[in-house]
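Understanding the architecture of this molecule
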Amino acid sequence: MTTLMIQGTTSDAGKTTVVAALCRWLARQGVSVAPFKPQNMALNSAVTVDGGEVGRSTALQALACGLEPHSDMNPVLLKPQSDRGAQVILRGRVHGNMDALDYHAYKAQAMTSVMEAWRALSARYDVIIAEGAGSPAEINLRTNDIANMGFAEAADCAVLLVGDIDKGGVFAQLVGTLELVSDSERVRTKGYIINRFRGDKALLDPGLDWLTERTGKPVLGVLPYLHGLVIDAEDSVGTSGSSEAGALNVIVPVLPRISNHNDFDPLRLHPGVNLQFIGPDQPIPPADLILLPGSKSTRHDMAWLRAQGWPAVIQKHLRYGGKVFGICGGFQMLGIEIEDPDGLEGEAGSTEGLGLLDITTRMVAGKQLKDVSGTLTIGLERAGFTGYEMHNGVTTGAALASPIAILDGKPDGAISDDGQIAGTYIHGIFDQPEACRAILHWAGLGTDTKLGGAAVNYQQHRQQQLDRLADLVEEHLDTDWLRNLLGLSHNTADQ
């Protein structure tokens with residue numbers, strides 16, 4: 001078993017993408033490979049094959065390997081509930097809520113879960129590609145570190161350092177990072193990958209030569225900036241793709257604790273959808289469809305919606321015939337009240353919802369985590385789909401007598417009597433073309449046009465993007481050097 005860890009000079013340096021690229025490149029050669037992220041802080045997560053949850057980016061990397069995601073692949077997942085606190089998930093299961101100082105002290109114990117998961121994963125696969133978090137040179141976080149060099153030292157694995165040249169200052173990032181880590185950590189850092197380069201590489205080569213001379217470590221390669229890359233993000237909210245004239249206008253509020261906004265990635269690619277994410281204090285534009293996303297702190301985010309003026313905008317939107325669709329926490333917000341008597345998502349109490357559906361939600365211990373499949377019925381459309389549930393809330397009320405989906409013979413979600421307001425607990429519902437098309441037709445995208453018949457097979461799109469990343473590894477990185485580092489035969493590609 002060989003473990004290689006990809007660390008970055010900064011957050012969003014491209015670690016997730018590089019790990020996914022290496023995983024797909026190795027898997028295409030028949031190598032038994034799996035991803036590993038010791039600690040992740042993200043509100044985008046996925047259900048695992050063993051009934052737990054991991055960060056969405058780890059699930060993407062598992063897909064790159066041709067695997068179902070497993071909780072061993074991301075043993076510590078932190079889901080922020082406030083600026084100073086988070087829900088701590090160990091090996092796929094909720095451990096509890098901690099503030100930042102308490103968790104910092106707890107990390108030495110969390111390391112036990114990290115190493116147990118890594119050993120279990122290592123027993124099943126020949127190569128582990130691990131991903132760091134943030135930067136390994138955060139001096140204030142280095143004590144009891146489990147996310148970067150702390151894990152690399154414990155696992156005694158090689159490290160490659162990724163720097164994002166598109167942000168500028170990449171040489172200072174790389175050299176500065178090496179200066180701030182320990183001697184042993186500097187030795188296990190074997191080389192660099194420059195990410196997101198635009199331009200003529202010949203102009204960059206003198207800098208690469210200097211970097212190698214200055215630090216004694218090689219540059220494994222320079223990956224180009226990928227235009228049009230739409231792939232599951234760890235946490236950052238992506239911008240819309242390009243839409244055509246006559247597209248359906250769709251807006252999504254960027255809640256402070258927005259979760260699983262990857263639900264809307266298929267709409268970013270849809271030529272018939274003009275998708276806009278609306279952040280705090282931004283003007284709220286007119287739209288055909290308002291989508292309310294998931295939330296890790298539903299009551300807090302409901303209060304934010306109210307403070308930002310969304311209830312009045314939604315009421316006006318409905319008076320003009322617009323549609324509103326909520327997913328998970330967004331579905332809960334459509335109701336009369338959200339109750340959290342035990343403070344599972346923050347301070348205990350109740351919060352008034354939008355009052356658009358006759359439902360009430362109560363937060364209860366024991367998170368629902370499962371993959372589902374069923375039939376969506378909305379408007380005049382019926383469509384099969386798959387997705388997943390991930391929530392604490394139990395919802396009751398008269399509106400549930402008009403569900404929008406049947407899951408394994410059980411109803412899910414609700415739709416208003418006038419057909420303008422609908423919601424569901426199911427994440428991933430836009431990933432399948434048929435279900436996506438049905439919801440967009442309900443929202444007003446005409447069925448008699450080219451755009452109305454369009455739909456994106458997002459599952460197929462993910463596979464295509466992963467192959468695109470693997471192609472970049474083959475074209476732009478020193479793959480012979482990589483194979484030597486991983487202890488692989490140079491004729492691996494012929495196997």
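Every chain's residues receive numbers from 1 upward, in the order its sequence appears when written. Totals for whole chains, interfaces and linings use every residue, but because this is a predicted model, local features are given only for residues with pLDDT of at least 70 and side-chain atom pairs only at 80 or more, for both listing and counting. Only hydrogens and water are removed before side-chain values are computed, so all heavy atoms of the structure are retained for them.

**A short note on the packing of aromatic side chains**
Any two aromatic rings considered together are summarised by their centre-to-centre distance and by the angle between their planes. Here is the rule: rings of Phe, Tyr and Trp (six-membered ring for Trp) pair when centre to centre is within 6.5 Å. Planes less than 30 degrees apart are stacked, more than 60 are edge-to-face, and the remainder are tilted. On inspection of all chains with the given rule, the structure shows 8 aromatic pairs. Relative to Phe151, the ring of Phe36 has its centre 5.3 Å away and its plane inclined at 40 degrees; by these criteria the two rings are tilted. Remark: Phe151 occurs in helix H4 (residues 149-155) and Phe36 occurs in strand S2 (residues 33-36); sequence separation between them is 115 residues. A relative accessible area of 0% places Phe151 in the buried class. Judged by centre distance (6.4 Å) and plane angle (45 degrees), the ring pair of Tyr103 and Tyr106 falls under tilted. Here Tyr106 and Tyr103 lie together in helix H3 (residues 100-122), a separation of 3 residues that amounts to about one turn. The two residues Tyr103 and Tyr106 agree in class, both being buried. Between Arg198 and the ring centre of Tyr225, over which it is positioned, the NZ or CZ distance is 3.6 Å. For helices the rule is a DSSP run of H or I covering at least 4 residues; for strands it is a run of E covering at least 2, with both sets numbered from the N terminus onward. Relative accessibility decides the category of a residue: with a 1.4 Å probe and only protein chains considered, values under 20% of the type maximum give buried, values over 50% give exposed, and everything between is partly exposed. Geometrically, a charge over a ring is one whose NZ (Lys) or CZ (Arg) sits within 6 Å of the ring centre while staying within 35 degrees of the ring normal.

**Description of the sheet that holds strand S26 (residues 421-424)**
Within the open sheet, the 6 strands sit side by side as S15-S13-S16-S18-S26-S25. Their pairing is mixed. Two strands in the sheet have a free side with no partner beyond their single neighbour: strand S15 (273-278) and strand S25 (414-415). Sheet topology note: the strand S13 (residues 248-253)/strand S16 (residues 289-292) ladder contains 2 bridges and is parallel. Note that in S16 the partner of Val250 across the bridge is Leu289. Two strands are said to pair when DSSP picks up at least two bridges between them.

**Some points on the sheet that holds strand S1 (residues 2-8)**
If you walk across this open sheet you meet the 6 strands as S2-S9-S1-S10-S11-S12, and the pairing is parallel. Across the chains shown, the open sheet's two edge strands, defined by having one partner strand only, are S2 and strand S12 (219-224). Within the sheet, the average angular offset between the axes of one strand and its neighbour, ignoring direction, is 20 degrees. Pairing geometry for strand S11 (residues 189-197) and S12, over 4 bridges, is parallel. Bridge assignment links Ile193 to a residue of S12, and that residue is Gly221. We call two residues in contact whenever any of their non-hydrogen atoms come within 4.5 Å of each other. To obtain each axis, a line is fitted to C-alpha atoms, and for helices this fit is confined to the stretch in contact; angles are then taken between N-to-C directions over 0 to 180 degrees. Contacts from H3 reach S1, S2 and strand S9 (127-131) within the one sheet, and its direction differs from that of S2 by about 170 degrees.

**Some remarks on the pattern of salt bridges**
Just to be clear on terms, a salt bridge is a Lys or Arg side-chain nitrogen sitting within 4 Å of an Asp or Glu carboxyl oxygen. Applying the stated criterion to the full structure yields 26 salt bridges. The residue Lys367 makes a salt bridge to Glu53 at a minimum N-O spacing of 2.7 Å. Taken together, the positions of Lys367 in strand S21 (residues 360-378) and Glu53 in strand S5 (residues 53-55) put the pair 314 residues apart, joining distant regions of the chain. We note that Lys367, like Glu53, is buried. A salt bridge links Glu185 to Arg142, with the nearest nitrogen and oxygen atoms 2.7 Å apart. Of this pair, Glu185 sits in helix H6 (residues 183-188) while Arg142 sits in the loop between S9 and H4, and the two are 43 residues apart along the sequence. Overall, the relative accessible area of 8% leaves Glu185 in the buried class. Salt bridges here are not isolated pairs; linked through shared partners, they connect Asp12, Asp164, Lys167 and Arg196.

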